[in-house]
Amino acid sequence: VDGMGIQAIKRHTWMMMSEQLHLLLGPTFAGHGAGLHVFYSNGVESPVGNLMFFFVVVGVLAIAFKRQWNLWPLVACAVVYSLYYVFAVPIVFGWYKMPYLALLVILSAWGWHCAGGLIRNVVWRNRVFTGIAVIYVAIIVSVLPLTFYTERQIQTHVENAIRKSAGEYLREHMAADEAVGCEPLGYMAYYSRGNVYDWPGLASRTVVAWSKEQKQSDRSLEKMLMGLQPEYLFLRDLEILFLFENPDWFRENYQVVETFLIDPRVVPEIRWLDRNMDTRFRIYKKKDGGDVDESKWPTVEAYYAQDALYSKG
């Protein structure tokens, strides 16, 4: 927030909260890993999420003014994590948010409870609470048939067909003393049963040791691969084409040996596929002096042509 004025800080805070964090208190779909689809909304904010967050604020204020000390740990945890996600985390991935969202749901329910205290008739108050709970759950449940089906498509055509298959390929081709460098770890490590130089080194002491020797500014997936030079690479087309600063180095030292792309025939059937970064991978191997098939190398033109197809999903 260095150099930001008060208004800019306020805009940034609301943008992060409404478009990244309490947005998920409403019906959303995050199964593609990047970006969110918001249901029952014409914009990037969720009306349901905003309403639930309003009652989070009501609940927090009620706890503060009534000095309900037994509930202060909930407030403190929610506030600290809100500030952490808004100002300290550059990219807030969806799986970071689940414990935090559980706190918000509890505080929102407390806000509804406190607001419902204005209804003096106990019978009607309970009816209102029951109605609110039923409506909220019904809104969430109403989108599940669509999200469940899309999750199944992702599992079949992305996770199994690409990540799992790539791991099985390396299990057959990679020697015991060889390694593969990549960012994704789970499927690759499990199905390859091999040595994985994952970034940022969650399961690799070799990567951690390399990182400790580097300056903070020199730590990245690309520089780790250039520094350790594993026999194989498992990279997204996105990474090699757009994110790496020196893709020519990889072209000079590695060759594409296998391509893992989503079947174009299923692309139009999968909703919101343009938000999935994991539909285009290739396995690269160190050059050994033999013939190299340059036609397997990813191209920017092909990447954008596929993007146009994905947007029809």
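For the structure itself, look to the data block above.
Residues numbered from 1 in each chain as written. Predicted model: local features only at pLDDT ≥ 70, side-chain atom pairs only at ≥ 80, totals over all residues. Heavy atoms only, no water.

1. Here's the deal with the packing of helix H1 (residues 6-21) against helix H3 (residues 72-87)
Then comes step 1: Two numbers describe how H1 lies on H3: the axes approach to 10 Å, and their chain directions differ by 105°. Of the possible angle classes, the one that applies to H1 and H3 is roughly perpendicular. Judged by residue contacts, Ile 9, His 12, Thr 13, Met 16, Met 17 and Leu 21 of H1 engage Ser 82, Tyr 85, Val 86 and Phe 87 from H3.
Then comes step 2: Split into classes, the residues belonging to the contact of H1 with H3 amount to 7 nonpolar, 3 polar and no charged. (Axes fitted to C-alpha atoms, helices over the stretch in contact; angles between N-to-C directions. Helix = DSSP H or I, 4+ residues; strand = E, 2+ residues; numbered from the N terminus. Parallel < 35°, antiparallel > 145°, perpendicular 65-115°, else oblique. Contact = heavy atoms within 4.5 Å. Nonpolar A, V, L, I, M, F, W, Y, C, P; charged D, E, K, R; others polar.)

2. Some points on the sheet that holds strand S4 (residues 195-198)
Then comes step 1: One open sheet holds the 5 strands; their spatial order is S4-S3-S5-S7-S6, and the pairing between them is mixed. Lying at the two open borders of the sheet, with one neighbouring strand each, are S4 and strand S6 (254-261). Within this sheet the neighbouring strands show an average axis-to-axis angle of 25°, counted without direction.
Then comes step 2: Note that strand S3 (residues 179-182) and strand S5 (residues 232-236) share 3 bridges and pair parallel. By the bridge assignment, Cys 182 is partnered in S5 with Phe 234.
Then comes step 3: On the sheet, helix H6 (residues 144-173) packs against S3, S5, S6 and strand S7 (280-286) and is oriented at approximately 140° with respect to S6. (Pairing = 2+ DSSP bridges.)

3. Some points on the pattern of salt bridges
Then comes step 1: Counted by the stated rule, this structure contains 9 salt bridges.
Then comes step 2: The closest approach of N and O atoms between Asp 278 and Arg 163, which form a salt bridge, is 2.4 Å. Within this pair, whereas Asp 278 is found in the loop between S6 and S7, its partner Arg 163 is found in helix H6, the two being separated by 115 residues in sequence.
Then comes step 3: Take Asp 278: its relative accessible area is 11%, and that puts it in the buried class. (Salt bridge = Lys/Arg side-chain N within 4 Å of Asp/Glu carboxyl O. Buried < 20%, exposed > 50% of the residue type's maximum accessible area, 1.4 Å probe, protein only.)

4. Topic: unusual backbone geometry
Comment: phi is negative for the bulk of residues other than glycine, and the bulk of peptide bonds are trans.
Then comes step 1: With omega at 15°, the peptide bond leading from Trp 199 into Pro 200 counts as cis.
Then comes step 2: Residue placement: Pro 200 occurs in the loop between S4 and helix H8 (205-212).
Then comes step 3: Residue Gln 229 is not a glycine yet carries a positive backbone phi of 50°.
Then comes step 4: With respect to the helices and strands, the residue Gln 229 is situated in the loop between helix H9 (221-228) and S5.

5. Observations concerning the packing of aromatic side chains
Then comes step 1: Overall, the coordinates contain 25 aromatic pairs when judged by the stated rule.
Then comes step 2: Where Phe 29 meets Trp 272, the ring centres are 5.1 Å apart and the plane angle is 45°; that geometry is what we call tilted. With Phe 29 in strand S1 (residues 28-29) and Trp 272 in the loop between S6 and S7, the pair connects residues that are 243 residues apart, well separated along the chain. An identical accessibility class is assigned to Phe 29 and Trp 272; each is buried. (Phe/Tyr/Trp six-rings, centres within 6.5 Å; stacked < 30°, edge-to-face > 60°.)

6. Thoughts on H3
Then comes step 1: With 16 residues, H3 should cover 22 Å at 1.5 Å per step; its first-to-last C-alpha distance of 22 Å lies within 8% of that length.
Then comes step 2: Looking only at H3, the buried set comprises Val 75, Ala 78, Ser 82, Tyr 85 and Val 86. Taken around the axis of H3, the buried residues stretch over an arc of 110°, which confines them to a single face. Seen from the open side of H3, the exposed residues pointing more than 90 degrees away from its buried face are Pro 73 and Val 80. (Expected span 1.5 Å × (residues − 1). Arc of directions from axis to C-beta.)

7. A few points about the state of the cysteines
Then comes step 1: Applying the stated criterion across every chain yields a total of 0 disulfides.
Then comes step 2: Counting only cysteine sulfurs, Cys 114 is the nearest neighbor of Cys 77, a cysteine outside any disulfide, at a range of 19 Å. (Disulfide = S-S within 2.5 Å.)

Function cannot be read off these values alone, since they describe shape.
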